[in-house]
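Chain by chain, the residues run as shown.
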Amino acid sequence: MSAAPAKPVVLGSWFARDLADMAVTWQAEPAPDPKLLILNEPLAADLGLDPDWLRGPDGVGLLTGTVVRDGAAPVAQAYSGHQFGGFVPRLGDGRALLLGELTDTEGRLRDLHLKGSGRTPFARGGDGLAAVGPMLREYLISEAMHALGIPTTRSLAVVATGRPVHRDTALPGAVLARVASSHLRVGSFQFAAATGDAALLRRLADHAIARHAPAAAQADNPYVALFEATVAVQADLIARWMLVGFIHGVMNTDNMTISGETIDYGPCAFMDGYHPGTVFSSIDSGGRYAYGNQPGIAMWNLARFAETLLPLFDEDTDRAIAVATQALDGFRAQYEAAWLTGMGAKLGLAGSSDAALVEDLLTQLAQSQVDFTSFFRQLARAVSGDREPSRGLFLDLAAFDAWLQRWLALNPDAALMDRTNPVYIPRNHLVEQALTAATGGDLGPVEQLLSAVTDPYVERPGLERYAEPAPDSFGPYQTFCGT
Ligand code: AMP
Ligand code: MG
């Protein structure tokens, strides 16, 4: 018996009504035999949703989009995007639906969105579906990112649909229910700008200001202030990715949010051995989205965002370009400051930002391909004299010893390091093992990995293998898009 929800689920349709030109009313495909695989109870509580109700038939109906509640108007959102540098005017939600907006217990508006819910008019050649493995992958990695304090879309649930999905083989299908402060992307603005409808572009920008930069409404030019706000949140976001070794893998403009949340966990992965050229995605043969390129790509994407806003910056194009260039230039300094402050904390040096010390360390980490996560925890032990765990990782011992001496002379704070540097991240080999088990019906390894990575800073006995780099036998790792 499924009880009625303690409180009715009220889904707004603000985007659908406000931006109907960018929204196609649509329905999810039926799920022949739905089974809830995983539910994020703390997130459900934040959203004011009753977890017991969500586990029942009506709740699972909501989480698969097959039961549309009163007043809800699910839509597929239209957007464009630069994919690997080439402009595609019509992308949009090919296998996703925005169910509507929820107000969370803190009064914030959050999108409830489904991925894998069937073909839409934007599906092009795709089947509109998603498999259990990749949807659990997004769940795991996005929740790990959240636990690391990195702005991200959240994962509310994964429901197996009972429908097979055909990739290289037949796989069990699934729908991911995700939550975001919005799904507005740089690509949304590219779509609006490409229509040539100036009123639509302004409506979209006003919508974005209301949702993400309300203070901008008071600025001399609210649209310049919106752009500056997005530059600021993206500079902070990319610095946070870099500080944990996260590689998004497909930083197309349709996968960059206006809110500054990480979105679309496709071919992403965490770097193990430090190297700026690290790439995991099978389709990124040129390394466009390599680890070390991410700040530059973010700036490139923001330049595409600025281009869409030029008519709102100033009616004189030259003046508009000058304003855009100045705001975009702010990215570099904001990114550098966030990165250096973050590296300072990783090295236990609050408030200081010795760029040369950091650069020298990174050169040595790259030379010896040192594991970017466990290194900083081992380094913290050197503060109390236990140098061997970190020394053992370097090929050029003399160079590392010299660096250690310089660093120790600054009196690093080991407790700050342990609060800043995670023990547990979703390591590639563990993610793969867990997803293989889940695809075969065993969710145990996903649940264990999730419990490690959602409490990433506290070292716990029994979880040693979650803290270790992949064994050599794991070999080079590759990830895939469009899964
Ligand atoms: P992504 O790489 O996930 O950001 O997706 C890029 C575009 O491809 C978006 O427009 C998606 O909606 C679409 N897409 C990806 N996979 C599928 C699929 N299986 N069926 C339909 N559309 C898809
Ligand atoms: Mg996408």
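- Going by what an unreviewed UniProt entry lists, the chain is known as Protein nucleotidyltransferase YdiU and is assigned to Mycolicibacterium chitae.
- Under the UniProt heading Function (unreviewed entry), the entry covering the chain gives this text: "Nucleotidyltransferase involved in the post-translational modification of proteins. It can catalyze the addition of adenosine monophosphate (AMP) or uridine monophosphate (UMP) to a protein, resulting in modifications known as AMPylation and UMPylation."

Let's talk about the overall build of the chain
Phase 1: Per the secondary structure count, the chain includes 18 helices and 11 strands.
Phase 2: Its C-alpha radius of gyration of 23 Å places the chain within 12% of the 23 Å reference for a compact globule of 483 residues.
Phase 3: Taking the principal axes of its C-alpha atoms as reference, the chain extends roughly 65 × 60 × 40 Å.
Phase 4: Across the 483 residues that make up the chain, the buried fraction comes to 56%.
Phase 5: Here the chain has roughly 19200 Å² of accessible surface; of this, 53% comes from carbon and sulfur atoms.
Phase 6: For the chain, the distance from the average site of its 36 positive side-chain charges to the average site of its 54 negative ones is 3 Å.

A look at the packing of aromatic side chains
Phase 1: Counted by the stated rule, this structure contains 20 aromatic pairs.
Phase 2: An angle of 75 degrees between the planes, with centres 5.7 Å apart, marks the rings of Phe 375 and Phe 394 as edge-to-face. In this pair, Phe 375 is assigned in helix H12 (residues 374-382) and Phe 394 in the loop between helix H13 (388-391) and helix H14 (397-408), connecting sequence segments 19 residues apart. The exposure classification of Phe 375 matches that of Phe 394, with both residues buried.

Regarding the packing of helix H7 (residues 198-212) against helix H9 (residues 294-313)
Phase 1: Put simply, H7 and H9 touch, their axes get as near as 10 Å, and they point 100 degrees apart. Between H7 and H9, the interaxial angle falls into the category roughly perpendicular. Along its contact with H7, which presents Leu 201, Arg 202 and Ala 205, the element H9 presents Thr 308, Pro 311 and Leu 312.
Phase 2: Residue classes in the contact of H7 with H9 are distributed as four nonpolar, one polar and one charged.

Comments concerning the coordination of the magnesium ion (ligand 2)
Phase 1: All of the protein donors around the magnesium ion (ligand 2) are Asn 255 (OD1) and Asp 264 (OD); their distances to the metal are 1.8 to 2.2 Å.
Phase 2: Judged by its relative accessible area of 11%, Asn 255 falls in the buried class.
Phase 3: With relative accessibility at 14%, the residue Asp 264 sits in the buried group.

Focus: the domain arrangement of the chain
Phase 1: What the domain assignment reports for the chain is domain 1 (14-180) and domain 2 (184-421).
Phase 2: Distance from the C-alpha centre of domain 1 to the C-alpha centre of domain 2: 26 Å.
Phase 3: In total, about 3200 Å² of surface goes out of reach between domain 1 and domain 2, with carbon and sulfur atoms giving 61% of it.
Phase 4: Summed over the shared surface of domain 1 and domain 2, the number is six salt bridges.

Some details on the site of ligand 1
Phase 1: Contacts to ligand 1 come from 17 residues, most closely from Gly 92, Gly 94, Arg 124, Asp 127 and Gly 128.
Phase 2: In this structure, an oxygen atom belonging to ligand 1 sits 2.7 Å away from a main-chain N or O atom of Gly 94.
Phase 3: Interatomic distance of 3.1 Å between a side-chain N/O atom of Asn 255 and an oxygen atom of ligand 1.
Phase 4: Protein chains bury 85% of the 490 Å² of accessible surface belonging to ligand 1 in isolation.
Phase 5: Of the residues in the shell around ligand 1, the class split is four nonpolar, six polar and seven charged.

Let's talk about helix H5 (residues 132-147)
Phase 1: The first and last C-alpha atoms of H5 sit 22 Å apart over 16 residues, in line with the 22 Å expected at 1.5 Å per residue.
Phase 2: Most of H5 is tucked away: 14 of the 16 residues are buried.
Phase 3: Count one or two residues on from H5 and you reach Gly 149, which has phi positive near 80 degrees.

A few points about the pairing of strand S6 (residues 96-103)
Two faces, one strand: in a regular strand the side chains alternate between the faces of the sheet.
Phase 1: Within S6, seven of the eight residues are buried, which leaves it mostly tucked inside the rest of the structure.
Phase 2: By the bridge criterion, seven bridges tie S6 to strand S7 (residues 109-115) in an arrangement that is antiparallel. By the bridge assignment for S7, Thr 103 is matched with Leu 109.
Phase 3: In sequence, S6 turns back onto S7 through a hairpin of five residues, with Gly 107 there showing a positive phi of about 85 degrees.

Here we look at unusual backbone geometry
Phase 1: A positive phi angle is found at Arg 124, which is not glycine, with a value near 50 degrees.
Phase 2: Secondary-structure assignment places Arg 124 in the loop between S7 and H5.

What about the UniProt feature "binding site: ATP" (unreviewed entry) in the chain?
Phase 1: The residues that UniProt annotates with the feature "binding site: ATP" (unreviewed entry) are Gly 92, Gly 94, Arg 95, Lys 115, Asp 127, Gly 128, Arg 178, Arg 185 and Asp 264. Their sequence span is 173 residues, while the largest C-alpha to C-alpha distance among them is 23.1 Å; these annotated residues do not converge on one region.
Phase 2: Tracing the sequence through the fold places Gly 128 in the loop between S7 and H5.
Phase 3: Once residues lying within four places of it in the same chain are set aside, the contact partners of Gly 128 are Gly 94, Arg 95, Gly 116, Ser 117, Gly 118 and Arg 119.
Phase 4: Mapped onto the secondary structure, Asp 264 falls in the loop between strand S10 (246-247) and strand S11 (269-270).

Focus on the environment of Asp 455
Phase 1: By secondary structure assignment, the location of Asp 455 is in the loop between helix H17 (444-453) and helix H18 (464-467).
Phase 2: Accessibility expressed as a relative area gives 33% for Asp 455, which makes it partly exposed.
Phase 3: In sequence terms Asp 455 and Tyr 424 are 31 residues apart; their C-alpha atoms lie 7.8 Å from each other.
Phase 4: The contact partners of Asp 455, leaving out residues within four places of it in the chain, are Tyr 424 and Arg 460.

Examining the side chain of Asn 421
Phase 1: Tracing the sequence through the fold places Asn 421 in the loop between helix H15 (414-420) and helix H16 (428-439).
Phase 2: The exposure class of Asn 421 is buried, given its relative accessible area of 1%.
Phase 3: Residues in contact with Asn 421, not counting those within four places in the same chain, are Lys 346, Phe 376, Arg 377 and Tyr 457.

Regarding the UniProt feature "active site" (unreviewed entry) in the chain
Phase 1: When the UniProt feature table is mapped onto this chain numbering, "active site" (unreviewed entry) sits at Asp 254.
Phase 2: On the secondary structure map, Asp 254 appears in the loop between S10 and S11.
Phase 3: According to the relative accessible area criterion, Asp 254 is buried, its value standing at 5%.
Phase 4: The contacts of Asp 254, once residues within four sequence positions are left out, are Tyr 79, Ser 80, Gly 81, His 82, Gln 83, Leu 91, Arg 185 and Gly 187.

What counts and how
Residues numbered from 1 in each chain as written. Chains lettered and ligands numbered in written order. Predicted model: local features only at pLDDT ≥ 70, side-chain atom pairs only at ≥ 80, totals over all residues. Heavy atoms only, no water. UniProt positions renumbered as here; feature names shortened; annotations may be inferred. Helix = DSSP H or I, 4+ residues; strand = E, 2+ residues; numbered from the N terminus. Rg over C-alpha atoms; globule rule 2.2 N^0.38 Å. Buried < 20%, exposed > 50% of the residue type's maximum accessible area, 1.4 Å probe, protein only. Areas by Shrake-Rupley, 256 points an atom, 1.4 Å probe, with all protein chains shown as cover. Lys, Arg positive; Asp, Glu negative; His and termini not counted. Charge placed at Lys NZ, Arg CZ, Asp CG, Glu CD. Phe/Tyr/Trp six-rings, centres within 6.5 Å; stacked < 30°, edge-to-face > 60°. Axes fitted to C-alpha atoms, helices over the stretch in contact; angles between N-to-C directions. Parallel < 35°, antiparallel > 145°, perpendicular 65-115°, else oblique. Contact = heavy atoms within 4.5 Å. Nonpolar A, V, L, I, M, F, W, Y, C, P; charged D, E, K, R; others polar. Donors = N, O, S within 2.8 Å, 3.2 Å for Na, K, Ca; no water. Domains from an automatic or database assignment. Buried area = accessible area lost by both parts, 1.4 Å probe. Salt bridge = Lys/Arg side-chain N within 4 Å of Asp/Glu carboxyl O. Near = heavy atom within 4 Å. Polar contact = N/O pair within 3.5 Å; in protein donor to acceptor, adjacent residues only side chain to side chain. Expected span 1.5 Å × (residues − 1). Pairing = 2+ DSSP bridges.

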